[in-house]
Structure formats: C-alpha cells, structure tokens
Amino acid sequence: MKIGFKNQGAVWALLMAAIVIAWSTLYFQSRPLEALPMHAMWMPPSQASAWRFGDFAYVYAMWAVMMAAMMLPSALPMLNAYAKVSRRLNARPAQALALFAAAYLGLWVLFGILPTLLQWRLHGLVWLSPMMENQNRGFAAGVFLLAGGYQFMPLKNACLTHCKTPMGFLLNEWQGGLAGAFRMGFKHGLHCIGCCWAQMLIMFAVGVMNLGGMALLTLIVCAEKWVPLEAKPIAKTLGTVFLVWGFILLLSAWQQDSK
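Residues numbered from 1 in each chain as written. Predicted model: local features only at pLDDT ≥ 70, side-chain atom pairs only at ≥ 80, totals over all residues. Heavy atoms only, no water.

### Points about the overall build of the protein chain
The number of helices and strands found in the protein chain is 12 helices and zero strands. The order of α-helices and β-strands along the protein chain, N terminus first, is α-α-α-α-α-α-α-α-α-α-α-α. The C-alpha radius of gyration computed for the protein chain amounts to 20 Å, which stays within 12% of the reference 18 Å derived for 259 residues, consistent with globular compactness. Taking the principal axes of the C-alpha coordinates as reference, the protein chain spans close to 65 × 40 × 30 Å. Of all intrachain contacts in the protein chain linking residues separated by at least 6 positions in sequence, the fraction that spans at least 24 positions is 80%. For the protein chain, the accessible area works out to roughly 12,600 Å², and carbon and sulfur atoms hold 69% of it. In the protein chain, the 18 positive side-chain charges and the 7 negative ones have mean positions that sit 13 Å from each other. (Helix = DSSP H or I, 4+ residues; strand = E, 2+ residues; numbered from the N terminus. Rg over C-alpha atoms; globule rule 2.2 N^0.38 Å. Contact = heavy atoms within 4.5 Å. Areas by Shrake-Rupley, 256 points an atom, 1.4 Å probe, with all protein chains shown as cover. Lys, Arg positive; Asp, Glu negative; His and termini not counted. Charge placed at Lys NZ, Arg CZ, Asp CG, Glu CD.)

### Focus: the side chain of K164
Structurally, K164 can be placed in helix α7 (residues 154-164). Aside from chain neighbours lying at most four places away, what touches K164 is E224, K225, W226, V227, L229, E230, A231 and I234.

### Remarks on the packing of helix α9 (residues 177-200) against helix α11 (residues 211-226)
A pair of packed helices can be characterised by two numbers: the angle between their axes and the separation between those axes. Here α9 crosses α11 at 150°, and the two axes come no closer than 11 Å. Two packed elements cross with a definite hand, and for α9 against α11 that hand is right-handed. On the side of α9, the interface is formed by C192, C195, C196, Q199 and M200, while α11 contributes L217, I220, V221, E224 and K225. Among the residues forming the contact of α9 with α11, the class breakdown is seven nonpolar, one polar and two charged. (Axes fitted to C-alpha atoms, helices over the stretch in contact; angles between N-to-C directions. Left-handed = near helix turned anticlockwise from the far one by under 90°. Nonpolar A, V, L, I, M, F, W, Y, C, P; charged D, E, K, R; others polar.)

### A short note on the nonpolar core
Among the nonpolar cores identified, the biggest contains 75 residues, and W63, M66, M71 and W108 are the most heavily contacted of them. With 11 residues, the single largest contributor to this core is helix α4 (residues 93-111). If we skip the residues at most four places from it in the chain, M71 touches Y104, W108, C192, C196, M200, V221 and K225. (Core = buried A, V, L, I, M, F, W, Y, C linked by side-chain atoms within 4.5 Å. Buried < 20%, exposed > 50% of the residue type's maximum accessible area, 1.4 Å probe, protein only.)

### Considerations on α11
In this model α11 runs 22 Å from its N-terminal to its C-terminal C-alpha over 16 residues, within 8% of the 22 Å that 1.5 Å per residue would give. Along α11, the residues classified as buried are G213, M214, L217, T218, I220, V221, C222, E224 and K225. The opening residue of α11 is N210, an N-cap whose side-chain oxygen sits 3.1 Å from the backbone nitrogen of G212. (Expected span 1.5 Å × (residues − 1). Polar contact = N/O pair within 3.5 Å; in protein donor to acceptor, adjacent residues only side chain to side chain.)

### Remarks on the state of the cysteines
Under the defined criterion, the tally for this structure stands at zero disulfides. Looking at the unpaired C159, the closest cysteine sulfur is the one in C195, lying at 6.6 Å. (Disulfide = S-S within 2.5 Å.)

### Focus on a nonpolar patch on the surface
A contiguous nonpolar patch, built from L110, I113 and L117 and spanning about 260 Å² of accessible area, is present on the exposed surface. Of note, I113 is situated in helix α5 (residues 113-124). By relative accessible area, which is 38% here, I113 ends up partly exposed. (Patch = residues over 30% accessible without salt bridge, like charges linked within 9 Å, V, L, I, M, F, W, Y side chains within 5 Å. Salt bridge = Lys/Arg side-chain N within 4 Å of Asp/Glu carboxyl O.)

### Considering the side chain of S86
Relative to the assigned elements, S86 resides in helix α3 (residues 76-89). What S86 contacts, discounting residues up to four positions off in sequence, is Q8, P93, A96 and W174.

### Quick notes on the pattern of salt bridges
Inspection of the entire model under this criterion finds two salt bridges. For E224, the salt bridge identified is with K156, shortest N-O distance 3.0 Å. Here E224, found in helix α11, pairs with K156, found in helix α7; they are 68 residues apart in sequence, far enough to count as distant. Per residue, the accessibility class of E224 equals that of K156, and both read buried.

### Comments concerning the environment of M200
Tracing the backbone through its elements, the reader meets M200 in helix α9. As a C-alpha pair, M200 and V221 span 21 residues in sequence and 9.6 Å in three-dimensional space. The contacts of M200, once residues within four sequence positions are left out, are W63, M67, M70, M71, W108, F111 and V221.

### A look at unusual backbone geometry
Positive phi is not limited to glycine here, since V126 has a value of about 60°. Here V126 is to be found in the loop between α5 and α6 (137-150). Residues other than glycine seldom take positive phi values, yet M132 does so here, at roughly 65°. Take M132: it is sitting in the loop between α5 and α6. A relative accessible area of 4% means that M132 is categorised as buried.

Treat this as a map of the structure, not an account of what it does.
Right under this line is the structure:
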C-alpha cells in the first residue's frame, strides 16, 4: 500500500486541519439548535421504532466528528513522541505516523457506534429531548456516578498511566514498519478508550450537542494525560468531582420526585 506523504510535516498539517474541521463542524451543527425554530431543523425521532437509516447515519456522523474533535488533541503528546522515534527507526516515517494516527482515530470513530445506539434507546425512553438534551435527572446522576466510580478502578489507572507515558509505551511496544505503526496506533487507541469511555458518556448528562460540555470534557481529558503528575491522584481527584456532581443531581432528582 502506498501513502503519498513525503514528510511528517504534511501529516501534522492534516492532523491539525482535522481537529479544526471537527470543531468547526460541531460548532455549525450546534448553532441551528439555538437559532432555528423546531420545525425547520432535523431532530431525532422520539420513538425508537421511528428511526430510519438516515437518522442513525446522521447521529453516528455527529458522534464520529465529536470523537475526532475531543480525542485527537489528547493524543498529540503520543503522536509527537512516536514521530520523533519513527524518524530514527522507520524507513518511511511520514507514512508510519499517518498510519499510527489513522489506527488511533479509526478506533475512536468505531467507538462512536456505541453512543449512537445508546442515544437511540434514550430517545425511545424519552430521556433525551428532540433537542438532544437530558430529560431525566436520575439518569444524568447515574452517568456522573458511573464516570466517577470508574476513575477509581485499576483499569482506569492502568490505561491512564499508559497514555501519560508515551516513551514508556514506545519502548515496550515498539514495532517497526508500516504494519507495526498501524498495530501500535490501534493498541494506543484501545488504551485511550479504556481510559476515557466513561467520560464520553457525560455528554448524555449535559446535552449531546452542548459545545461547552464538549470543550470542558476535552480539557479534562487533556489535563489527565498532560499534567506531569502520577495517574492515580489525577484520576481520583476527577473521580471525586464526578461523584459529588452525581450525588447532587441524585438529590435534585429525589427532591423533584418527592414533590
């Protein structure tokens, strides 16, 4: 297979363009929710049985773009470390970097299938509004409690440790050649999903197309990976915040139900 990149600079330009395009797409997707009347915009069917292929495709495309916008920035330190090592050890470093990034991003794009199916069921339960906003405080509380509890799990700590130590990953998992680059990117993507899958579900609690929520979650994910502290205290600190937030929402839902 031939890939027409002559240098890594072109790959980096494409990666930066992908991030900008993804965020721009999300911005322009979210604007109609604020500006247009309800009859003039597409909205997911409120009944699960009413969904058609086009509805699934639209929602999946939205989640795929969201995954690219939120997760590519967090992978920049790993991609930078791989690019530096690849220049010394790979005969075609630009192509290797492109395949590493493609495998990583492709796995997150595939992950978008899961929230798409979950969103379909949530609309069927009327827990999400036609505007894709949360309508069930108990469910929102459960999402935050799930995300917070996962922050204390050994799997979370192991995956975050992997994501925070790019050179450690490269030393232990190095595979040469283009096929090796793809396998390494795929493995990094698996660790990244293991680290962040529960945090991605928070979008269902704050509103699927809540641009501020996306930006805040992106900053949280990047901070987890970039801040030069051990994985465990960072994960536990964020976990505590999520748990407190979840319990506040749970109390609010209980008070609302008791009225």
